[in-house]
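Summary of the model geometry
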Amino acid sequence: MIAGILSETGNENRIALLPCEAASLKKLGMEVMVEFHAGERAFVSDKDYTAAGATMADRKEIISRAALLLTINPPLNDDIKSFTDGQILCTVLNPVENNLWLEKARLQGLTVLALDLVPRITRAQSMDILSSMATVSGYKAVLEAASLLPRFFPMFMSAAGTIRPAKVLILGAGVAGLQAIAVARKLGAVVEVFDVRSAVKEEVKSLGGKFIEVEGAREDAAAGGYAIEQTEEFRKKQQDLIQQRAVAADVVIATAMIPGKKAPVLLLKETVSRMKPGSVIVDLAAATGGNCELTQNGTTVEMNRVKIIGKSDYPSDMPYDASKMFGNNVINLLKIMIDKNGNLKPDMADEIVSGTTAVYGKEYISQRVKQMLGIKQTA
Ligand code: NAD
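Residues numbered from 1 in each chain as written. Predicted model: local features only at pLDDT ≥ 70, side-chain atom pairs only at ≥ 80, totals over all residues. Heavy atoms only, no water.

**Re the pattern of salt bridges**
To be explicit about the condition: The term salt bridge refers to a side-chain nitrogen of Lys or Arg lying within 4 Å of a carboxyl oxygen of Asp or Glu. Helical segments are the DSSP runs of H or I of at least four residues, strand segments are the runs of E of at least two, and each set is numbered from the N terminus. Buried, partly exposed and exposed residues are distinguished by accessible area as a fraction of the type maximum, computed with a 1.4 Å probe on protein chains only: under 20%, between the cut-offs, and over 50%, respectively.
Counted according to the given criterion, the structure contains 23 salt bridges. Of the charged contacts in the structure, one is a salt bridge between Glu21 and Lys324, with a shortest N-O distance of 3.0 Å. Of the two residues, Glu21 is situated in helix H1 (residues 19-27) and Lys324 in helix H12 (residues 319-335); the sequence distance between them amounts to 303 residues. Classification of Glu21 by relative accessible area gives buried; the value is 2%. Residue classification places Lys324 among the partly exposed residues on the basis of a relative accessible area of 23%. Residue Arg106 is joined to Glu103 by a salt bridge in which the shortest nitrogen-to-oxygen separation is 2.9 Å. Taken together, the positions of Arg106 and Glu103, both in helix H5 (residues 99-107) and three residues apart, correspond to about one turn of that helix. For Glu103, a relative accessible area of 28% corresponds to the partly exposed category. Through salt bridges with shared partners, a single network forms among Glu35, Arg59 and Asp79.

**Considerations on the state of the cysteines**
Here is the rule we go by: The criterion for a disulfide is a pair of cysteine sulfur atoms lying within 2.5 Å.
A complete count under the given rule lists zero disulfides for this structure. No disulfide involves Cys20; its sulfur sits 18 Å from the nearest other cysteine sulfur, which is in Cys90.

Printed below as a string of structure tokens:
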């Protein structure tokens with residue numbers, strides 16, 4: 001069976017598999033074809049792929065020959081016409097944003113494995129691209145804030161006097177937030193953290209952050225470790241307390257999200273107007289509306305000389321390691337579907353496979369996709 005790695009379009013610098021992971025796929029019994037120059041923006045060459053045992057080809061040939069296609073973002077609409085019934089595509093779907101694309105893929109008979117739908121259960125941890133990419137984002141967000149801040153992060157005692165450490169406020173202690181705490185602490189900042197899930201309190205403390213608790217948060221054990229929406233009363237109380245901490249902070253890294261919903265607004269315009277000039281806010285929730293009222297997705301805005309960075313594509317800015325982590329997650333997912341002859345046989349009885357499969361046999365499969373798109377049909 002042939003697996004094809006297609007080049008990404010737009011501003012994406014990552015690639016679904018680096019040469020080392022392409023070699024791992026070969027070891028599982030698959031032939032690997034890679035589109036010419038596909039790895040260049042991730043700093044790998046065609047020669048690196050051929051040395052790893054892959055064959056280089058053009059896009060048309062790969063689409064016509066590969067049974068499995070691997071991409072980071074769903075391929076262009078034009079590509080869908082060339083796909084054949086039964087072909088398998090493994091990608092990051094974003095089902096709500098790409099619902100029309102998915103409908104076309106379903107009608108074309110494609111099987112779509114959506115990497116962003118891998119169930120977040122212990123057995124699937126090594127396949128979880130959301131955690132991998134959030135790790136990259138948390139790391140890069142802190143580095144970006146540190147490079148823009150007109151102050152040091154660590155405390156300095158020098159002959160030129162004492163410099164006080166920067167204060168970093170982190171909103172949301174999920175995967176990105178915890179990584180941001182670790183990096184900000186390593187750089188010597190004083191770190192304060194808000195989250196609505198009490199379970200993260202100990203993790204925050206163990207990384208050296210101070211957890212600020214707001215009483216009255218709603219939690220739901222059935223939400224699978226995720227946050228749920230809060231009451232109006234709690235939101236007001238939390239916004240007030242966040243305002244107190246934000247006006248004293250130099251940097252805010254905002255990562256608070258609720259799966260399938262708009263991000264909670266935690267930093268009001270009024271709060272930003274009271275922050276110190278020169279402060280930096282990095283809003284990783286920008287793509288889902290942002291945690292700051294002023295955030296604009298994909299751009300930086302400034303108010304009162306406070307920069308608000310609305311960037312949600314940090315993994316593309318660190319394409320080599322982001323692709324490395326992505327590729328390893330993909331290989332771990334494929335391992336549970338590939339038989340000993342190197343053929344991909346998705347078994348819908350496996351909850352990871354059925355949870356990850358958006359469409360198969362011209363039907364919607366994943367319950368989460370059906371919920372998100374309001375599809376009543378039963379699998
Ligand atoms: P996420 O990106 O959905 O949310 C980020 C953080 O924002 C979460 O910690 C959430 O509690 C917080 N948040 C939401 N609303 C908030 C508010 N109003 N104020 C402050 N904080 C708010 O989450 P994530 O990072 O993808 O993961 C969250 C959790 O999911 C993990 O901590 C873990 O329990 C679980 N998880 C499990 C697996 C697995 O088992 N495979 C993998 C990853 C994550």
